[in-house]
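Analysis of the macromolecular model
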Amino acid sequence: MSRRRGIPFVVAAPSGTGKTTVCRALVDADPELVHSVSHTTRAPRQGEIDGVHYHFVSEKAFRGLEEQDVFLEWAEYGGNLYGTSSRELDASLARGVDVLLEIEVQGAAQIRARRDDARLIFLLPPSWEELERRLRTRGTDADEVVERRLTIARREILAVREFDYAVVNDDLEETLSAVHGVLDAERRGDTADARTRYGREAALERLGPGFDNLR
Ligand code: 5GP
């Protein structure tokens, strides 16, 4: 019998939506789901391990890989380059495991255009006020840095229109249960109910008029 091929699940969100916490909890709870290891030119943060959290490479090396068409998608974010290797992704999928790609929204749009097998999940903040509060309490960023992030978030959030699923990240447990619901439905191949429950319309209904431009 041929082995089931894994599914690439892309999770994207505007900065400040809590994507990293959600993705970490998803992978921790699910032995059939692995985190895709991206290449980046960013310097490692404390505790980050090369080959585990990222493949840390120089800009020259990254550009070389890009020229060799190694990346399924890549993007610049905050002055650094980030990319997903097609070969690494396909190797995991061929082993039958599902892969979680935690990436920013430009990269997600490239995957949407290139891979029919990918399923895209967008995380939304519960409100603009809450997103601003999260961006402000994140660190010691100056007001103009927070303003710039909010401007970027307002642009990034428009990408929700291209996604298969949208989940409002208000309460972590609820978010995890919703994303598990999506993963289960996609694995079973029976998605009609999940597409209604966790579709964009349902999320926008919950968010109210402040997000009407996303319909
Ligand atoms: P950080 O530097 O905080 O780890 O990541 C910055 C942003 O880059 C986050 O939104 C993260 O999800 C995104 N990112 C990480 N890896 C990739 C990748 O391979 N491709 C793209 N497009 N974005 C990525």
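Conventions and cut-offs
- Per chain, the residues get numbers from 1 upward, laid out in the order the sequence is written.
- The model is predicted, so local features are restricted to residues of pLDDT at least 70 and side-chain atom pairs to those at 80 or more, both for listing and for counting; the totals for chains, interfaces and linings are taken over all residues.
- Heavy atoms from the whole structure form the basis of all side-chain values; hydrogens and water molecules are not counted.
- Throughout, exposure labels follow a simple rule: accessible area from a 1.4 Å probe, protein chains only, divided by the maximum for the residue type, with under 20% read as buried, over 50% as exposed, and the rest as partly exposed.
- Helix and strand labels come from DSSP, where a helix needs a run of H or I of at least four residues and a strand needs a run of E of at least two; each type is numbered from the N terminus.
- Directions pointing from the helix axis toward each C-beta atom define the arc.
- Every residue pair with non-hydrogen atoms within 4.5 Å of one another is taken to be in contact.
- Any residue with a non-hydrogen atom lying within 4 Å of a molecule or strand is treated as near it.
- The term polar contact refers here to a pair of N or O atoms within 3.5 Å; inside protein, the definition further demands a hydrogen-donor-capable atom paired with an acceptor-capable atom, and it admits residues adjacent in sequence only when both atoms are side-chain atoms.
- Using a 1.4 Å probe, the Shrake-Rupley method yields the accessible areas, and only the shown protein chains count as cover for residues.
- Two strands make a pair as long as DSSP finds a minimum of two bridges between them.
- Between the N-to-C directions of two axes lies an angle of 0 to 180 degrees, each axis being a line fitted to C-alpha atoms and, for a helix, fitted only over the stretch in contact.
- For Phe, Tyr and Trp, where Trp contributes only its six-membered ring, two rings pair if their centres lie within 6.5 Å, and the inter-plane angle classes them as stacked under 30 degrees, edge-to-face over 60, or tilted in between.
- We call a set of buried residues a nonpolar core when its members are Ala, Val, Leu, Ile, Met, Phe, Trp, Tyr or Cys and they connect through side-chain atoms within 4.5 Å of each other.

Taken as a whole, helix α5 (residues 128-137) has its buried residues at Trp128, Glu130, Leu131, Arg134 and Leu135. Buried residues in α5, looked at end-on, bunch into an arc of 165 degrees, giving them a common side. Looking at α5, the residues exposed on the side facing more than 90 degrees away from the buried face are Glu129 and Thr137. In this structure, the buried side of α5 is in contact with α6 (143-156).

Bringing the site of the ligand into the picture now. Among the 15 residues in the neighbourhood of the ligand, the closest are listed as Ser38, Arg42, Tyr54, Tyr82 and Glu104. In the environment of the ligand, an oxygen atom lies 2.8 Å from a nitrogen or oxygen atom belonging to the side chain of Lys19. For the ligand, whose unbound accessible area comes to 520 Å², protein coverage reaches 88%. Secondary-structure elements contributing two or more residues to the shell around the ligand are β5 (71-77) and β6 (80-85).

As a further point, take the environment of Arg134. Looking at the secondary structure, you find Arg134 in helix α5. Take Arg134: its relative accessible area is 19%, and that puts it in the buried class. Sequence separation between Arg134 and Arg42 is 92 residues; the distance between their C-alpha atoms is 23 Å. Setting aside anything within four residues of it in sequence, one finds Arg134 in contact with Gly16, Thr17, Gly18, Pro126, Asn169 and Asp170. At 3.3 Å, the side chain of Arg134 and the backbone oxygen of Thr17 are in polar contact.

The next subject is helix α9 (residues 200-207). Here α9 has its buried residues at Ala203, Leu204 and Leu207. Angular distribution of buried residues about the axis of α9 spans 95 degrees; they occupy a single face of the element. If you follow the buried residues of α9, they end up packed against β8 (119-124) and β9 (165-168). Directly after α9, the chain includes Gly208, whose backbone phi takes a positive value near 85 degrees.

The next subject is the sheet that holds β9. Taking strand neighbours across the sheet as the criterion, the five strands line up as β2-β7-β1-β8-β9 in an open arrangement whose pairing is parallel. A strand with exactly one partner marks an edge of an open sheet, and here the two such strands are β2 (33-35) and β9. Shown here is a sheet whose adjacent strand axes are inclined to one another by a mean of 25 degrees, direction ignored. Packed onto the sheet, helix α4 (residues 105-114) meets β1 (8-12), β7 (98-102) and β8 and runs at close to 150 degrees relative to β1.

Let us now look at the pairing of β1. Most of β1 sits inside the fold, with five of its five residues counted as buried. Residues Pro8, Val10 and Ala12 of β1 are buried on one face, and the alternating residues Phe9 and Val11, pointing to the opposite face, are buried as well. Bridge count between β1 and β7: four bridges; the pairing is parallel. Among the inter-strand pairings, Val11 is bridged to a residue of β7, identified as Glu102.

Moving on, we get to the packing of aromatic side chains. Going through the model one piece at a time under the given rule, you end up with seven aromatic pairs. Here the aromatic rings of Phe62 and Trp74 are separated by 6.2 Å at their centres, their planes lie at 75 degrees, and the arrangement is edge-to-face. Placement of Phe62 in helix α2 (residues 59-67) and of Trp74 in strand β5 is noted, with a sequence separation of 12 residues between them. Centroid distance Trp128 to Phe211: 5.2 Å. Interplanar angle 5 degrees. Geometry classified as stacked. Within this pair, whereas Trp128 is found in helix α5, its partner Phe211 is found in the segment after α9, the two being separated by 83 residues in sequence.

Another point: the nonpolar core. With 32 residues, the main nonpolar core has Val10, Phe122 and Leu124 as its most contacted residues. Leaving out residues up to four positions away in the same chain, Leu124 has contacts with Thr17, Ile157, Val160, Ala166, Val167, Val168, Asn169, Ala203, Leu207 and Leu214. Judged by nonpolar contacts, the second largest core, of 21 residues, contains Leu26, Leu123, Leu176 and Tyr198.

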